[in-house]
Every structure is written in C-alpha cells, then in structure tokens.
Amino acid sequence: MVEKNKKKRFITVDKSKNPFDIKKYLTVRNLLIMLLLITLYLFFAKDIQAILLIIVFYPISLFAARTSKYVKSVSTDTIAAFTVFLSYMYGWKWALFFGVGIGIIIWSQTALNLMTMINITTYGVAAFSGHLAHGWFGAEFYTAYIVAIMMRNVYAFFVFLLFNPNVFENFTTTFSEIITNTFLYPLVLNILYKIIMFLTPG
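Residues numbered from 1 in each chain as written. Predicted model: local features only at pLDDT ≥ 70, side-chain atom pairs only at ≥ 80, totals over all residues. Heavy atoms only, no water.

Caption draft 1: Just the overall build of the protein, in detail. Across its full length, the protein holds 7 helices and 0 strands. Beginning at the N terminus, the succession of helices and strands in the protein can be written as α-α-α-α-α-α-α. A total of 202 residues make up the protein; the buried ones form 36% of that total. Taking the intrachain contacts of the protein between residues at least 6 apart in sequence as the baseline, contacts between residues at least 24 apart amount to 72%. (Helix = DSSP H or I, 4+ residues; strand = E, 2+ residues; numbered from the N terminus. Buried < 20%, exposed > 50% of the residue type's maximum accessible area, 1.4 Å probe, protein only. Contact = heavy atoms within 4.5 Å.)

Caption draft 2: Representation of helix α5 (residues 114–137) in the model. In a regular helix each residue adds 1.5 Å, so 24 residues correspond to 34 Å; α5 covers 35 Å between its end C-alpha atoms and thus fits that length. Buried within α5 are the following residues: T116, I118, N119, I120, T122, Y123, G124, A126, A127, S129, G130 and A133. The secondary structure elements touched by the buried residues of α5 are α3 (79–90), α4 (92–108) and α6 (141–163). Two or three places before M115, at the start of α5, stands the capping residue N113, its side-chain oxygen 3.1 Å from that residue's backbone nitrogen. Once α5 finishes, G138 follows within two positions and takes phi at roughly 60°, a positive value. (Expected span 1.5 Å × (residues − 1). Polar contact = N/O pair within 3.5 Å; in protein donor to acceptor, adjacent residues only side chain to side chain.)

Caption draft 3: The side chain of N181, seen in detail. Along the polypeptide, N181 turns up in helix α7 (residues 167–199). Excluding residues within four positions of it along the chain, N181 makes contact with D77, A80, A81, Y145, I149, R152, N153 and P186.

Caption draft 4: Inspection of the nonpolar core at higher detail. If you look at the biggest cluster of nonpolar residues, it comprises 35 residues, and the most contacted ones within it are F85, L86, F98 and Y145. Broken down by secondary-structure element, the contributors of at least two residues to this core are α2 (45–70), α3, α4, α5, α6 and α7. The element contributing the most residues to this core is α3, with 10 residues. Apart from residues lying up to four places away in sequence, F98 is in contact with I54, F57, Y58, S61, I79, F82, T83, L86 and G103. (Core = buried A, V, L, I, M, F, W, Y, C linked by side-chain atoms within 4.5 Å.)

Fair warning: the whole summary comes from geometry, so function is off the table for now.
What follows is the structure in structure tokens.
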C-alpha cells in the first residue's frame, strides 16, 4: 500500500495589497485633499448639503412621480415636501431650483401636460411658503413645515379645481397629499432635519 503524502498549502497574503491596510491611504496627498474638503465644508456647509440632498431627492421624487402617474386620484408626490424642506433649511432659491427646475425635468420624464405644469407652479408656492414659515417659527421645523405644506395644499386644491372641475378627483388627490405630505413625510424629514443640524458646524 502506497501512502500519498499530502502537502499542506498555505495561502500567503501580500500585505502591500491588503485593502484593509489603512496606512497606505494616509499619504500626504490624501491628507491634503481631506483637509481641503473639510475646509470647504466648514465654509460652504449649507450649499454642499443642499446639493447632496438634491442629488438624493431626485431619484426618490422621480419614482414617486411615476407611481402617481399610474395610481389615479392618489398622489405620492414628494417634490412639494422636499421643496418645503429645502426652503426651510437653505432658502427659497435652492427650493425653487429643486421644485420648479428639477420638477420640470422629473415630470417631463413622466407625464408633462397641463395639469402637471400647474402642479409645478404649486412647488413654487411651496418654496416661498417654506421660507416664510421659517421666518415665522424659527427653529420649530415641524410646525413650520406643517404650516408651509398646508399653504401649498390649499393653493393646489383651488388651482386644480379651476382647471379640472372634477371635485371628487381633486378631493381624493388633495386628501392623499394631506396623508403623505402632512402626516407621513414630515416624520422622516424631521429626523433628517435633526441629523443635518447635528452635522452642521457652528
């Protein structure tokens, strides 16, 4: 009986190629880049936050708009809520850019018609109402948000009624927006508000 010698094979790890080796990332160049980014954030924290949030809000709003297109008389629209949030946090200019500018892009990829164009005008109202509510209530985000979004919802109801006399459809759409914009979305946005305030310098 011939015995076969079994050789044990050991896997050697090249430490120079170890992805978890932090030391190789601590170069002078990387440290300078990190220092530059931190400095930019300290000086332009609000603008950087607004840009990052718009990048995050865009795909969410696009998905919600496409959902609203196929679910008749029910609105899952998030653009108005995000517009109020941006207006409260970063001013009406960023909010108007997102609500009207990005809103046109989103609805042009979904269903750009007379009613959606009218809906985009309500985002302009949301942008200014959020800014006004911030002036009235200061740091009370939740209260300011509710007041601002209700101003937008009331405007939206009457302007839609002017161009679409179907009272039942307008009522169901407005009611669904009250459920989402007034009760559901502010819970999430209030958490986001607290996180941002914690991360904002000064």
